[in-house]
Structures are given as C-alpha cells and as structure tokens.
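Here's the letter readout for the chains.
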Amino acid sequence: MIRLLYPLIISMAIIPEADKHLENLQSVAQTTRMTVKNIKDGMDGFHSNVMDFYRIINEEKYKRI
C-alpha cells in the first residue's frame, strides 16, 4: 500500500501550490474526524440514556408484581 503512495508523493512535489492543496485536504480530514467523533459520542450517549430508561422501566414493572 505504501509503495503505491510514492508516485503520488513525487507528483505532489511537482505540482505548483501543492502545499496549499494539502493544507485544504488536512482541514477537510480534521473536520471529518471531528464530525465522526461527535456523532459517535452522541450515539453512545443516546444508547446509555436508553439503557438507563429501560432499566428504570423494568424496575418499576417488577415493583408492581
């Protein structure tokens, strides 16, 4: 896999303003990473709240019996 990147790296060195393009790509990658992290954290929090709610409902159900 790494060997396939060598031609890309060499061609990027030849392209004018490659640094600017790489900075833009880095910014997009960081934004995507943070978005995925936020979505994952939100889903984990939702799952935790649902499990707590389910536990409370079950406790109430068994208290009535």
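Residues numbered from 1 in each chain as written. Predicted model: local features only at pLDDT ≥ 70, side-chain atom pairs only at ≥ 80, totals over all residues. Heavy atoms only, no water.

Novice: I'd like a rundown of the overall build of the chain, residues and numbers included.
Specialist: When you go through the chain residue by residue, the secondary structure sums to two helices and zero strands. Computed over the C-alpha atoms, the radius of gyration of the chain is 24 Å, more than 25% above the 11 Å expected from 2.2 N^0.38 for a compact globule of 65 residues. Dimensions of the chain along its principal axes, counting C-alpha atoms only, are 75 × 25 × 5 Å. With 65 residues in all, the chain has 2% of them scored as buried. As presented, the chain carries roughly 6,400 Å² of accessible surface, and 66% of it is formed by carbon and sulfur atoms. Averaging the locations of the 9 positively and 8 negatively charged side chains of the chain gives two centres separated by 8 Å. (Helix = DSSP H or I, 4+ residues; strand = E, 2+ residues; numbered from the N terminus. Rg over C-alpha atoms; globule rule 2.2 N^0.38 Å. Buried < 20%, exposed > 50% of the residue type's maximum accessible area, 1.4 Å probe, protein only. Areas by Shrake-Rupley, 256 points an atom, 1.4 Å probe, with all protein chains shown as cover. Lys, Arg positive; Asp, Glu negative; His and termini not counted. Charge placed at Lys NZ, Arg CZ, Asp CG, Glu CD.)

Novice: Report on a nonpolar patch on the surface, specifying residues and quantitative values.
Specialist: On the surface, Ile-2, Leu-5, Tyr-6, Leu-8 and Ile-9 cluster together to form a nonpolar patch covering roughly 510 Å² of accessible area. Looking at the element boundaries, Ile-9 is found in helix 1 (residues 2–14). (Patch = residues over 30% accessible without salt bridge, like charges linked within 9 Å, V, L, I, M, F, W, Y side chains within 5 Å. Salt bridge = Lys/Arg side-chain N within 4 Å of Asp/Glu carboxyl O.)

Novice: Before we move on, can you summarise the pattern of salt bridges with the specific residues and values?
Specialist: In the structure shown here, the tally under the stated rule is three salt bridges. In this structure, Asp-41 and Lys-37 form a salt bridge, with 3.1 Å as the shortest nitrogen-oxygen distance. Linking Asp-41 with Lys-37, this pair stays in helix 2 (residues 18–64), spanning four residues, or about one helical turn. Overall, Lys-37 belongs to the partly exposed group, its relative accessible area being 41%. A salt bridge links Glu-59 to Arg-55, with the nearest nitrogen and oxygen atoms 3.2 Å apart. With Glu-59 and Arg-55 both in helix 2, this residue pair falls four residues apart, about one helical turn.

Novice: Could you give me a rundown of unusual backbone geometry, with the residues and numbers involved?
Specialist: Backbone phi values are negative for most residues with the exception of glycine, while trans is the configuration of most peptide bonds. Positive phi, normally seen in glycine, also occurs at Glu-17, with a value near 60 degrees. Relative to the elements of secondary structure, Glu-17 occurs in the loop between helix 1 and helix 2.

Novice: Lay out the environment of Glu-23 with the relevant residues and their values.
Specialist: Inspection of the secondary structure puts Glu-23 in helix 2. Since its relative accessible area comes to 53%, Glu-23 is described here as exposed. Here the alpha-carbon distance between Glu-23 and Asp-44, two residues 21 residues apart in the chain, equals 31 Å.

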